[in-house]
Amino acid sequence: MGALTSTPRQSGARPQDTAEYLIGSFVGEKSFPLGSDFWQKLLELPLNLQWPNERVTEACQLLAQNNCCTRHLTKILIHLAWCLQESISASDGPSSAHVKAINAVYISSVFLKYLIESNHIEELRLSMGTSEPTPKDFVRDQNINNLVMHNVLSFISSVDVSPNTYLLHQELLNFMLVAMSTQLLYGPSPGSADMNPFIDTVMEQDSSLVSSVVCRLLLNYIMRPRAPFSNASYQVFYEGRQPGVLQRVGSAAANFVLLPFSYLVSSSDEGLRKSLADSSVHVLLILHYYRKCVVGDKSTTDRSDGRGASDSPAKVCMYFSDNPYCKALENARDIEFDRADIEANAHNGSLVRLPFASLFDTLGMFLADETAVLLLYTLVHGNSYFLEYVLVRTDLDTLLMPILETLYNASKRTSNHIYILLIILLILSQDSSFNASIHKMILPNVPWYQERLLHHTSLGSLMVIILIRTVKYNLSKLRDLYLHTTCLATLANMAPHVHRLSAYASQRLVSLFYMLSRKYNRLTARIDDKVGKGGLVEQDSFAEDMSAELHIYTDFLRIVLEILNAILTYALPRNPEVIYAIMHRQDVFQPLKYHPRFNELIENIFIVSL
């Protein structure tokens with residue numbers, strides 16, 4: 001390992017030789033003071049070394065070994081904060097501070113990633129040693145986490161994205177992804193012993209900065225600024241056949257985590273470097289869904305029965321602290337909304353004001369991406385203002401068509417992707433105006449639907465067709481109870497408002513009952529085979545599972561019958577094709593006509609339609 005550090009030539013030294021020496025010194029045993037000119041030399045060099053992966057790993061191991069004594073990671077993070085402060089004041093044009101900040105955040109991300117990934121959080125040493133010499137104006141006991149993250153967030157929120165600042169914005173977002181990835185070291189549920197120093201610090205920022213960050217991240221997603229690679233002079237961003245040390249590891253750092261959403265957002269080999277828009281929405285979602293587990297004492301002296309204090313000891317309780325980013329996003333308002341009303345209804349801190357129209361259109365264009373789906377779900381579930389805006393839009397096909405197309409191609413998507421889309425449809429279907437609007441919107445054609453030509457079909461009819469198709473796909477492939485329930489619940493919400501349901505959609509609705517009834521009859525037959533001579537079902541786990549499954553399908557069949565009854569009860573004159581479909585397939589209802597759970601509903605269907 002000692003061969004890592006090399007001495008540069010004193011005369012005519014090539015830049016890469018000098019950079020190799022400086023990086024070797026950075027990870028080595030010798031400690032350089034915070035005010036040493038070593039840091040300026042390191043941060044001003046073009047970092048385009050050609051190191052193999054094993055050498056990069058060796059450098060990371062050396063830093064992990066020596067950082068407890070040198071505190072070099074802390075020092076470069078402090079220099080990052082200082083460079084960002086200078087960059088904020090010089091944001092109008094390119095400056096040396098920008099270059100140094102990019103180098104500092106890039107190097108920090110590489111080595112921080114290794115320490116986190118190797119579960120060496122204790123080796124971060126995010127403080128200055130008591131005997132370390134420091135500049136006179138440096139406050140030794142200040143919180144380094146707060147110094148760094150406050151300046152990172154301040155730059156992201158206050159400096160506009162431009163050709164001069166794009167690369168620094170991108171690297172700061174990548175740094176945040178790496179720094180907040182400590183969550184991956186713990187279980188799926190937050191615990192009181194979890195150590196997440198960077199994201200915990202981010203949660204403690206003041207409300208005005210929080211709102212500005214949320215606004216900036218969403219604007220990045222909406223505006224989708226393009227990388228100015230044609231004008232870039234920072235060589236490390238150019239991917240060649242033989243990427244350098246920081247190119248290799250930096251790319252991995254940029255794609256290291258999709259963080260708590262790795263269960264939802266699929267990582268792929270497409271572009272290890274995410275765009276600024278993608279990185280922005282990843283950071284936003286991570287911030288929004290983070291929950292810190294806190295342990296507190298809950299005294300039992302507060303008695304609800306009024307009998308006074310008790311000598312019993314205080315109870316230790318665990319709870320999740322408030323998330324300011326979640327609150328900021330939930331209270332975001334449309335920028336077109338009356339400003340006076342917004343100010344009058346302002347809660348704590350500044351409100352996030354966004355162009356809902358642009359956000360709506362952007363989401364509609366990228367719903368094939370799971371991150372966009374999660375963002376849409378987050379907004380319609382948590383932000384009542386955005387949900388209301390979506391429901392009054394007259395072009396609901398902007399969102400619904402990509403959602404329905406994705407459900408149509410469910411076999412090519414992850415199950416989590418499908419779940420979130422179905423929940424979004426369920427939320428929207430709870431509004432009567434939404435259900436009425438989708439049946440008034442006529443689609444000239446649906447080119448991606450292959451089983452049948454759909455000409456002049458209403459958006460509502462297409463939604464019924466796709467939901468039924470999803471139920472059938474789930475029955476044959478996924479066999480997931482929750483997915484069934486969500487699809488049928490959405491259909492039940494739509495049923496009273498159905499208007500001129502197409503013939504094909506009506507036929508698929510009746511065939512859904514037939515498919516579920518066949519499954520029900522097969523289960524009934526298998527259970528009957530298990531019945532002993534005394535008429536009792538054998539008490540084994542297999543029989544119990546079948547009985548539970550039979551009960552589930554009984555409920556499903558009843559829901560489908562209730563959907564048909566709701567259409568016939570509330571929308572009979574407007575849906576003749578439903579009547580024709582029932583009359584054509586009335587034989588599918590006969591076997592269950594006298595079932596105690598179904599007889600009343602089936603009898604009503606026969607009375608109305610026959």
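Looking at an unreviewed UniProt entry, one finds the protein chain named Dymeclin, with Rhizophora mucronata as its source organism. UniProt lists a comment for the protein chain under the heading Sequence similarities (unreviewed entry), and it reads "Belongs to the dymeclin family."

Visitor: Tell me about empty space enclosed by the protein, residues and numbers included.
Guide: Summed over the entire model, instances satisfying the criterion amount to three cavities of 30 Å³ or more. In this structure, the second largest cavity encloses a volume near 50 Å³. Taken together, Val464, Leu491, Met494, Ala495, Val498, Leu501, Leu509, Ile563 and Ile567 make up the full set of residues lining the second largest cavity. Sorting the residues of the lining of the second largest cavity by element identifies helix 21 (481-494) and helix 23 (541-570) as the ones contributing at least two each.

Visitor: Let's hear about the packing of aromatic side chains: which residues, and what values?
Guide: One pass over the structure, following the stated rule, counts 17 aromatic pairs. With centroids separated by 5.2 Å and ring planes inclined at 85°, the aromatic side chains of Phe356 and Phe386 adopt a geometry described as edge-to-face. With Phe356 in helix 14 (residues 356-365) and Phe386 in helix 16 (residues 384-392), the pair connects residues that are 30 residues apart, well separated along the chain. A residue is classified by how much of its surface remains accessible, and Phe356, at 2% relative accessible area, is buried. We classify Phe386 as buried; its relative accessible area is 0%. In this structure, Arg224 is placed above the aromatic ring of Tyr221, and the distance from its NZ or CZ to the ring centre is 5.1 Å. One Lys or Arg, Arg224, reaches over the ring of Phe366 and ends 3.9 Å from the middle of that ring.

Visitor: Please set out the packing of helix 7 (residues 166-179) against helix 11 (residues 276-289) residue by residue, giving values where relevant.
Guide: At a minimum axis separation of 10 Å, helix 7 and helix 11 run at an interaxial angle of 35°. Note that helix 7 runs across helix 11; the crossing there is left-handed. Along its contact with helix 7, which presents Tyr166, His169, Gln170, Leu173, Asn174, Met176 and Leu177, the element helix 11 presents Leu276, Ser279, Ser280, His282, Val283 and Ile286. A per-class count over the contact of helix 7 with helix 11 returns seven nonpolar, six polar and no charged.

Criteria and thresholds
Residues numbered from 1 in each chain as written. Predicted model: local features only at pLDDT ≥ 70, side-chain atom pairs only at ≥ 80, totals over all residues. Heavy atoms only, no water. UniProt positions renumbered as here; feature names shortened; annotations may be inferred. 1 Å grid on protein atoms, 1.4 Å probe; cavity = no way out; pocket = protein on both sides within 12 Å on 5 of 7 lines; lining within 4 Å. Points joined across faces, edges and corners; volume = space filled by probe spheres on them. Helix = DSSP H or I, 4+ residues; strand = E, 2+ residues; numbered from the N terminus. Phe/Tyr/Trp six-rings, centres within 6.5 Å; stacked < 30°, edge-to-face > 60°. Buried < 20%, exposed > 50% of the residue type's maximum accessible area, 1.4 Å probe, protein only. Lys NZ or Arg CZ within 6 Å of the ring centre and 35° of its normal. Axes fitted to C-alpha atoms, helices over the stretch in contact; angles between N-to-C directions. Left-handed = near helix turned anticlockwise from the far one by under 90°. Contact = heavy atoms within 4.5 Å. Nonpolar A, V, L, I, M, F, W, Y, C, P; charged D, E, K, R; others polar.

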